[in-house]
Amino acid sequence: MSTILPPAAAGSDAPNDPAIDTGRGAGLWRSAFIRLRRNPQAITGAVIIGVFLLVALFAPLLAPYGGNDLPGRTEITPTSIPGPGDIDGFPLGLDRFGGDVLSKLIWGAQASLLIGVVSTALGLAGGMLLGVLAGGFGGWVDSLIMRFVDILLSIPNLLLAVSIAAVLGQSSYAIMIAIGVSQIPIFARLLRSTMLSQRGADYILAAQTLGLSRRTITMSHLLPNSMGPVIVQATLTLATAVIDAAALSFLGLGGGLPQTAEWGRMLTYAQAELGVAPQLAFLPGACIAITALGFTLLGESLREALDPKTRTK
């Protein structure tokens, strides 16, 4: 009587290394994660985002001074602003108000992270609500919602955010709401189109054959299988949110004190000092650009990893 051995013991060619299983047998997200681990672009983006998150979360421990502290105000003169290395204890110098530039950059990371995450979450929640209603019900509901979304899309994203922030008032909460509302049509249209493309799939037809209600099919089957592109878009939108938050603060819509630590506000008050201390504009601008680059690299890599045309290559 012969013994049936497992495929690996019987000399089968089936691979034992889970890292090799990146084809059709691997789950969608597991396969995407494996591809991301091998993508230098994704690794670079993840490292940038990781550093950004660590700096933002541990700002109270990393920053030598508080975000609104002015420890060097006695060192500032009308014609001179100490730069990097000019004064001991201030490695990146001082700003016009006497604040430590290094501390403000660190606290600014926390402010940018909060605005970016909250505004993207608001846009994602609103967009998913409209997208689910349009893609799940169809008919006149779909037409009505999409006409509203088309109106929002006809207005430039930043202009819409500026208009909303100006109406709500100068505060960080107004910026979060303004950026979030401007992102709603992006998520709504994307989720709606993804759900419509999935409605003719075999698993949806099987669920309809079993007599499941429209609500059950939409929430338990259609929506979970349509979230991949939306999650990728949310990652990319975080980069846009950081840039938009800096732009609104630069335009004076962020509220707060002039010396408040926020990258966009730092750029605003650095304009008058470009001839004396150009680093006051370069340093926060570089932080904004690098952070946005990290989210963009990771988002684009995630998009490629989830693309069915490239997953099997």
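Residues numbered from 1 in each chain as written. Predicted model: local features only at pLDDT ≥ 70, side-chain atom pairs only at ≥ 80, totals over all residues. Heavy atoms only, no water.

Considerations on the packing of aromatic side chains
Each aromatic ring pair is summarised here by two numbers: the centre-to-centre distance and the angle between the ring planes.
(1) Moving on: With the rule as written, the count across this model stands at four aromatic pairs.
(2) Moving on: Here the aromatic rings of Phe52 and Phe295 are separated by 6.2 Å at their centres, their planes lie at 85°, and the arrangement is edge-to-face. With a gap of 243 residues between them, Phe52 in helix 2 (residues 40-57) and Phe295 in helix 12 (residues 279-306) connect regions that are remote in the sequence.
(3) Moving on: In this structure Phe295 comes out as buried when scored by relative accessible area, which is 6%.
(4) Moving on: Relative to Phe90, the ring of Tyr65 has its centre 5.7 Å away and its plane inclined at 20°; by these criteria the two rings are stacked. Of this pair, Tyr65 sits in the loop between helix 3 (59-62) and helix 4 (101-137) while Phe90 is found in the loop between helix 3 and helix 4, placing the two residues 25 residues apart along the sequence.
(5) Moving on: In this structure Phe90 comes out as buried when scored by relative accessible area, which is 8%.
(6) Moving on: One aromatic cluster in this structure is built from Phe52, Trp263 and Phe295. (Phe/Tyr/Trp six-rings, centres within 6.5 Å; stacked < 30°, edge-to-face > 60°. Helix = DSSP H or I, 4+ residues; strand = E, 2+ residues; numbered from the N terminus. Buried < 20%, exposed > 50% of the residue type's maximum accessible area, 1.4 Å probe, protein only.)

Description of the environment of Thr120
(1) Moving on: In this structure, Thr120 sits in helix 4.
(2) Moving on: Look past the residues within four positions of Thr120 in its chain and what remains in contact with it is Gln183, Phe187, Ala234, Thr237, Leu238 and Ala241. (Contact = heavy atoms within 4.5 Å.)

Overview of the confidence of the model for the protein chain
(1) Moving on: Residues at a pLDDT of 70 or more form 88% of the protein chain, whose mean pLDDT is 81.
(2) Moving on: Within the model, pLDDT remains below 50 along residues 1-26, and this stretch shows 19 contacts once partners closer than five positions in the same chain are excluded. (pLDDT = per-residue confidence, 0-100.)

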